[in-house]
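Residue strings, one per chain:
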Amino acid sequence: ANMNAGRMNADAAEQNLRRHNEDKQKRMEVEAIFRMLDTDSDGYLSVEEANRVGRMLGLSVPERHSVNVKGVSLPQFLGWITGLQSERAYETEVTRAFTLIKDKKGFVTQKRMTDWLTQNNVECTGQELEELMEFMNGSDDDRGISYQDFVNF
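Read on for a plain summary of the structure.

Procedures and definitions
Residues numbered from 1 in each chain as written. Predicted model: local features only at pLDDT ≥ 70, side-chain atom pairs only at ≥ 80, totals over all residues. Heavy atoms only, no water. Salt bridge = Lys/Arg side-chain N within 4 Å of Asp/Glu carboxyl O. Helix = DSSP H or I, 4+ residues; strand = E, 2+ residues; numbered from the N terminus. Buried < 20%, exposed > 50% of the residue type's maximum accessible area, 1.4 Å probe, protein only. Lys, Arg positive; Asp, Glu negative; His and termini not counted. Contact = heavy atoms within 4.5 Å.

## Brief notes about the pattern of salt bridges
Side chains that differ in sign of charge can pair as their charged atoms come close. Within this structure, the stated rule accounts for 5 salt bridges. Residues Arg18 and Glu14 are paired through a salt bridge, measuring 3.8 Å at the closest nitrogen-oxygen approach. Residue Arg18 and its partner Glu14 are both found in helix 1 (residues 2–37); the two are separated by 4 residues, about one turn of the helix. Since its relative accessible area comes to 43%, Arg18 is described here as partly exposed. Among the salt bridges present, the one from Arg96 reaches Glu93, with a minimum N-O distance of 2.6 Å. A residue pair is termed a helical-turn pair when its members lie 3 or 4 positions apart in one helix, as Arg96 and Glu93 do in helix 4 (residues 74–101) at 3 residues.

## Considerations on unusual backbone geometry
Glycine aside, a negative phi is what most residues show, and trans is what most peptide bonds show. Located in the positive-phi region is Asn121, a residue other than glycine, with phi close to 55 degrees. Inspection of the secondary structure assignment puts Asn121 in the loop between helix 5 (110–119) and helix 6 (126–136). Among the residues examined, Asn121 registers a relative accessible area of 69% and is labelled exposed. Even without being glycine, Asp140 reaches a positive phi, approximately 50 degrees. You can call Asp140 exposed: its relative accessible area is 61%.

## Details of the side chain of Asp38
Turning to its location among the elements, Asp38 is positioned in the loop between helix 1 and strand 1 (44–45). For the buried residue Asp38, which engages in no salt bridge, the nearest side chain bearing the opposite charge is Arg35, 8.6 Å off. Not counting residues within four places of it along the chain, the set of residues in contact with Asp38 comprises Gly43, Tyr44 and Leu45.

Following this line, the structure appears as structure tokens:
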């Protein structure tokens with residue numbers, strides 16, 4: 001058992017190192033993009049430059065960044081891109097969950113939700129399930145919870 005625990009620790013350490021190297025690589029890539037966009041090399045993207053990048057990525061510069069007279073700094077830009085990556089990863093997980101639960105018509109019905117909760121060993125009373133379904137069904141669609149309602153939840 002001790003050798004097994006040692007092997008698991010080695011595997012975990014290897015995974016952490018790989019993740020660290022991937023994060024470092026991503027940071028270097030984002031820094032390179034920032035330097036390319038920082039046309040006057042002052043260490044800031046002007047609000048106009050940042051907005052142009054934002055439009056290309058399908059987002060807008062957060063208000064707290066655009067109030068800085070100089071523009072967006074590298075740490076702000078890194079935070080912005082990292083936040084975007086986390087947001088997109090979350091959206092992918094939500095989409096995957098919805099796809100697993102929905103019925104053939106594209107809605108999460110009370111029956112489908114009950115089946116999914118049971119399969120995942122989540123205990124929920126009938127009353128709690130009804131309240132959850134009602135709360136999640138923001139559009140009050142009789143067919144069940146739509147994808148948009150699921151995402152908004």
